[in-house]
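The primary structure of each chain is shown beneath.
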Amino acid sequence: MNKQAALLLMTKKGCNVLKALVEAGFSGSISKVVIGKDENQYDFSEEIKTICEANGISYLLKGDSYSIEKFGYVIAIGWRWMIEDAKNLIVLHDSLLPKYRGFAPLVNALLNKEETIGATAIWGSEKYDEGDILLQKSFRVKHPIKIENAIDLMGSCYAEIVCKIFQMILDGQELSRIPQKGEKATYSLWRDEEDYHIDWTQSSEKIQLMVNTLGHPYKGAYTLLGNEKVRILDVEIMEDVSIARRDCGKVLFLAEGKPSVVCGTGVLKIQEAIYDETQESVFPLKVFRTRFR
């Protein structure tokens, strides 16, 4: 089987795609794997390396010296750096383009409670996420859903798309180039630490959505407990009660060391929380008169 395409891989999705290609019998068609590393989060680089070594797939690291124009087709998954000199570059994106061009599209789609999401394989372009569409695949999600589960669904979507691209290349099929409809484009903004801060004046449903969407493998939504930053990892919506003066962020009930907190509307019970600095559990919470802010 001829070697047809190189892969620029990173994250769990990149790892899952490589596994799928191997299981589908495409190992011999992978000309090279370039592995990306990210010190800010778990990047699956070691798992990707192990799969390559176990299946005789040639690989190198992003910092190594290589000439990308010699790779033929290049497929980038989870890649976070500019890619130059690749003539046949295919990029996988976490949205049904032209919706959610830009940063963190899956996170923003979930925060918007989109019920249909998906992935798009596009050809590389000078402007980000404006390339012609090669393939798309959508799937339905049922809310509430945690980001880790949504990433797994997206990874399966990626794997199906990339396996189909490899088969098309091997069959000698012409790879399609469908221009995007720019007038239907929406943009997804980058996110920073400020976007992780919980606003307790919002509804319990919105805060639960935020907690679910910003959890592992991300840092987790946070609140302040005194002067300490606390990551909220799991919450449960409780039945609301009539509160004479709705001071959002105050503990309403404390059961078995776990607080139920007043929100703009509704009440949330915090099931799991850790201190940001030590990663130790906040519970059991010992002080009833506690305000999260």
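Rules used throughout
Every residue gets a number counted from 1 within its own chain, in the order that chain's sequence is written. The model is predicted, so local features are restricted to residues of pLDDT at least 70 and side-chain atom pairs to those at 80 or more, both for listing and for counting; the totals for chains, interfaces and linings are taken over all residues. Processing note: side-chain calculations cover all non-hydrogen atoms of the structure and skip hydrogens and water entirely. Each helix corresponds to a stretch of at least 4 residues labelled H or I by DSSP, and each strand to a stretch of at least 2 residues labelled E; elements are numbered beginning at the N terminus. Between two residues, a contact is recorded if the distance between any of their heavy atoms is within 4.5 Å. To be clear on the numbers: accessible area is Shrake-Rupley with a 1.4 Å probe, and residue cover counts the displayed protein chains and nothing else. When charges are counted, Lys and Arg contribute as positive and Asp and Glu as negative, whereas His and the chain ends are disregarded. Where a charge lies is defined by one atom per residue type, namely NZ (Lys), CZ (Arg), CG (Asp) and CD (Glu). Buried Ala, Val, Leu, Ile, Met, Phe, Trp, Tyr and Cys residues that are joined via side-chain atoms within 4.5 Å together make up what is termed a nonpolar core. Only protein chains enter the accessibility calculation, which uses a 1.4 Å probe; a residue is then buried when its area is under 20% of its type maximum, exposed when over 50%, and partly exposed in between. Salt bridge, as used here: a side-chain nitrogen of Lys or Arg that lies within 4 Å of a carboxyl oxygen of Asp or Glu.

Draft legend 1. How the structure looks around the overall build of the chain. Assigned secondary structure in the chain consists of 5 helices and 14 strands. Each of the three principal axes of the chain carries a C-alpha extent, and together these read 70 × 40 × 30 Å. Here the analysis covers contacts within the chain between residues at least 6 apart in sequence; of these, 68% occur between residues at least 24 apart. In the structure as shown, the chain presents an accessible area of about 15500 Å², 47% of it carried by carbon and sulfur atoms. Within the chain, the 41 negative side-chain charges are centred at a point lying 3 Å from the centre of the 37 positive side-chain charges.

Draft legend 2. Broad picture of the nonpolar core. Counting 74 residues, the largest nonpolar core has Leu18 and Val33 as the members making the most contacts within it. Setting aside residues no more than four positions away along its own chain, leucine 18 makes contact with Leu7, Leu9, Ile30, Val33, Ile48, Ile51, Cys52 and Ile57. Core analysis: the second largest hydrophobic core is formed by 12 residues, Leu8, Met10, Val34 and Val74 among them.

Draft legend 3. Representation of the environment of glutamate 46 within the structure. Take glutamate 46: it is sitting in helix α2 (residues 45-54). Along the backbone, glutamate 46 and serine 29 are 17 residues apart, and their C-alpha atoms lie at a distance of 21 Å.

Draft legend 4. Expanded view of the pattern of salt bridges. Going through the model one piece at a time under the given rule, you end up with 15 salt bridges. The salt bridge partner of aspartate 247 is arginine 245, with a shortest N-O separation of 3.5 Å. Accessibility expressed as a relative area gives 64% for arginine 245, which makes it exposed. The shortest N-O distance in the salt bridge between lysine 250 and aspartate 247 comes to 3.1 Å. Aspartate 247 gets classed as partly exposed once you look at its relative accessible area, which sits at 23%. What you see here is one network of salt bridges that share partners, running through Glu193, Lys219, Lys229, Arg231 and Asp276.

Nothing here speaks to function; it is all geometry.
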